[in-house]
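Observations on the model geometry
Each chain is listed here by its residues.
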Amino acid sequence: QQQQQEKESVSTTLPPLPVGSKRFQVSANDVLLDDKVFDDHDKNPLVGFSCAFDRIPGAQTQTYHVKSFTPKLSNPEATHHVTVFACNARRMHKKFGTTKGDFYGTKECGTWPFYGEPDSPCLEIAWAYDKGAGAFTYPSGFGYKVGKGTAFDLFLTQVHYLYPKNKPIKMWNDDTGAIMRLDPYRPSVVDAGVLTIMKTSMVLKPGRDETVVHYSIGPENQVYANHLKDDFANDDQENFGVTLLAAHLHAHNLAKKFKLSVESPSGHRNVVKYIDNYGGYGKDQDFFVLANRARVHREDRIVIECTFDTSQIKQQVKYGTNHDEEMCGPILMYYPKKVLSSDLDQSGYFSGVQMNSVMV
């Protein structure tokens, strides 16, 4: 690899802050993207990972609503995604001995168990940028609650670099990450939750004009049921349900259509969002505030359908984040979210917060 510092920075125009709000940035700190980041030369020489984490300022004594997420990109062409994880500073300090730092590489940052393990500091994906997307701002009256009284007082960004094919590899100094707008907590703001869904077992056959990946998740999926079990209930109404607020429909460049629906036990299907000319990387990677804010009850199913064109492909296409791989899954924002304050047991392990990523 040619180690040449190269910085293709994209300036982000941020709107003025309301009185009392603040911005919080978590990003790589001018790190040189060398072999510590691109560390899998034998299998994936074009793939790199960089993780950074930092405690939310004042989170010990203040509660906030995250109002917006904005990507900060040094080299958009080579940045596949930026995922923001909501984490716990006490657990992070127990694991790493600090609440601010960074680490790199496929083996550590790329495959590190962010959530789902008893001693993991991070249990939720709060937001994700995928190549070509823009910023996301919650609609008026909604926000993602963090800080005092919640499990989450620290953010971690995972940056996945995917260098373009057929180009000389040049290293650059990077500060890619995310910028969060933090608004002071107000009881009138509705707490929003996040649920991620992904089909990790998908395999696409080559040479086909149209290949459909169709699947659904429902109450039989324990991760799904556990994450939403408190949110589905409202006082004595056990099946009150949650309402979908926004959706990011994620697939790569072979995808041509993407449909998200909610299906009742009777078989009635409510189409929540349908992109019938899916463009792959670009604006179709945005989080879309939904015009059809469908209600999801405990016994309902979330149905995902992706249509792919593999007519120009010569080999099987599997699930993955690299070149010549595909995905089919949404990240959903919903409300109301019951934000738990009693989330750590006496040993410092998470007890009341359930992971929010469903892999099938």
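Check the entry above for the structure.
A brief report on the enclosed structure follows.

Parameters at a glance
Residues numbered from 1 in each chain as written. Predicted model: local features only at pLDDT ≥ 70, side-chain atom pairs only at ≥ 80, totals over all residues. Heavy atoms only, no water. Phe/Tyr/Trp six-rings, centres within 6.5 Å; stacked < 30°, edge-to-face > 60°. Buried < 20%, exposed > 50% of the residue type's maximum accessible area, 1.4 Å probe, protein only. Helix = DSSP H or I, 4+ residues; strand = E, 2+ residues; numbered from the N terminus. Pairing = 2+ DSSP bridges. Axes fitted to C-alpha atoms, helices over the stretch in contact; angles between N-to-C directions. Core = buried A, V, L, I, M, F, W, Y, C linked by side-chain atoms within 4.5 Å. Arc of directions from axis to C-beta. Polar contact = N/O pair within 3.5 Å; in protein donor to acceptor, adjacent residues only side chain to side chain. Contact = heavy atoms within 4.5 Å.

**Some thoughts on the packing of aromatic side chains**
What the rule picks out here adds up to 14 aromatic pairs. Look at Y224 and F232: their rings are 6.3 Å apart centre to centre, the planes differ by 65°, and that puts the pair in the edge-to-face class. For the residue pair Y224 and F232, the accessibility class agrees, reading buried in each case. Relative to Y278, the ring of F258 lies with its centre 5.9 Å away and its plane at 35°, an arrangement referred to as tilted. Of this pair, F258 sits in strand β18 (residues 255-263) while Y278 is found in the loop between β19 (269-275) and β20 (288-289), placing the two residues 20 residues apart along the sequence. What makes Y278 buried here is its relative accessible area of 3%.

**Remarks on the sheet that holds strand β3 (residues 47-55)**
Pairing between the strands of a sheet is mediated by backbone hydrogen bonds and can be parallel or antiparallel. The strand order across the open sheet built from five strands is β6-β3-β10-β5-β7, with neighbouring strands paired in antiparallel fashion. Edge positions in the sheet fall to β6 (100-104) and β7 (122-130), since each has one partner strand and no second. On average, adjacent strands in this sheet sit at an angle of 15° to one another, irrespective of strand direction. When strand β5 (residues 79-87) meets β7, the two strands line up antiparallel, connected through seven bridges. Paired with V82 across the strands is Y129, a residue of β7.

**Regarding the nonpolar core**
Grouped together as the largest cluster of nonpolar side chains are 50 residues, with contacts concentrated most on W127, Y138, Y144, F155 and M180. If you tally residues by element for this core, the top one is β7, at five residues. Core analysis: the second largest hydrophobic core is formed by 37 residues, M202, V242, I304 and L332 among them.

**Thoughts on helix α3 (residues 222-232)**
The complete set of buried residues in α3 reads Y224, H227, L228, D231 and F232. Buried residues of α3, seen end-on, are gathered within an arc of 130° and therefore sit on one face of the element. Capping the start of α3, N221 holds a side-chain oxygen 3.2 Å from the backbone nitrogen of V223, two or three residues further along.

**Considerations on the environment of A192**
Here A192 is to be found in the loop between β13 (190-191) and β14 (193-198). Judged by its relative accessible area of 2%, A192 falls in the buried class. A192 sits 52 residues away from L244 along the chain, and the two C-alpha atoms are 9.5 Å apart. In contact with A192, not counting residues within four places along its chain, are Y138, G143, Y144, L245, Y334 and K337.

**Concerning the sheet that holds strand β16 (residues 211-217)**
Judged by pairing direction, the sheet is antiparallel, and its four strands sit side by side in the order β16-β22-β18-β19 without closing on themselves. If you trace the sheet from one side to the other, it starts and ends with β16 and β19, each paired once. Neighbouring strand axes in the sheet, compared pairwise and without regard to direction, differ in orientation by 15° on average. Sheet analysis places β18 next to β19, joined by six bridges and oriented antiparallel.

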